[in-house]
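Here are the chains, one letter per residue:
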Amino acid sequence: MFEMKITITVPDLAEAIKDLAAALIFSKDSITKGNVCEEDSYKKHTVETQKVNNDLSTSPEVQPSAAEPPAAHVVPTSAPKYTLDMIAKAGTALIDTGKINELTALLAKYGVDALTSLNPDYYGTFASELRALGAQI
């Protein structure tokens, strides 16, 4: 098994995310309400997928090579697992941007003075709050 990291720069990312959310809601509502036939749902999904693919294909950074097969579209089914190292790097970046007071307040909120004292069970929520402060994690 190997790990592959892909960075995609998408203009109008917020709009693409809204479109994706609308597609997911439409799909869920169609299944639960049963008011749209499978063919109509498939056509709408195909059109929306083509729109997203067209938007992504305009990005110059993402160009698959002839030797690589296209990447499968994977939707995560669980929250990412954060490590102390990942959280520490994000915290360091916040300190570098002058947000040491916010970081200190966040640590106090969890009842700790240092990241090493943070319970690993809280890494996910702590990472989310770091992201809200502007950290990239």
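Conventions and cut-offs
Residues numbered from 1 in each chain as written. Predicted model: local features only at pLDDT ≥ 70, side-chain atom pairs only at ≥ 80, totals over all residues. Heavy atoms only, no water. Helix = DSSP H or I, 4+ residues; strand = E, 2+ residues; numbered from the N terminus. Buried < 20%, exposed > 50% of the residue type's maximum accessible area, 1.4 Å probe, protein only. Phe/Tyr/Trp six-rings, centres within 6.5 Å; stacked < 30°, edge-to-face > 60°. Salt bridge = Lys/Arg side-chain N within 4 Å of Asp/Glu carboxyl O. Arc of directions from axis to C-beta. Contact = heavy atoms within 4.5 Å.

Another point: the environment of Gly-91. Following the sequence through the fold, Gly-91 ends up in helix α3 (residues 84-96). Residue classification places Gly-91 among the buried residues on the basis of a relative accessible area of 4%. Taking C-alpha positions, Gly-91 is 9.7 Å from Arg-131, a pair spaced 40 residues apart along the chain.

What the rule picks out here adds up to two aromatic pairs. Ring geometry for Tyr-110 against Phe-126: centres 5.3 Å apart, planes inclined by 70°, an arrangement best described as edge-to-face. Of this pair, Tyr-110 sits in the loop between α4 (100-109) and α5 (123-132) while Phe-126 sits in helix α5; the two residues are 16 residues apart in sequence, bridging distant segments of the chain. Since its relative accessible area comes to 0%, Phe-126 is described here as buried.

Okay, the pattern of salt bridges next. As enumerated under the stated definition, the model contains two salt bridges in all. Between Asp-85 and Lys-89 there is a salt bridge whose closest N-O contact spans 3.5 Å. Here Asp-85 and its partner Lys-89 are both found in helix α3, four residues apart, which amounts to about one turn of the helix. We classify Asp-85 as partly exposed; its relative accessible area is 46%. Lys-89 sits in the exposed class, given a relative accessible area of 56%. Here Glu-129 makes a salt bridge to Lys-109, at a shortest N to O gap of 2.9 Å. Taken together, the residues Glu-129 in helix α5 and Lys-109 in helix α4 connect sequence positions 20 residues apart.

Moving on: α5. When we look at burial in α5, the residues that qualify are Tyr-123, Phe-126, Ala-127 and Leu-130. End-on view of α5: buried residues confined to an arc of 100°, all on one side of the axis. Of the surrounding secondary structure, the elements contacted by the buried residues of α5 are α3 and α4.

Fair warning: the whole summary comes from geometry, so function is off the table for now.
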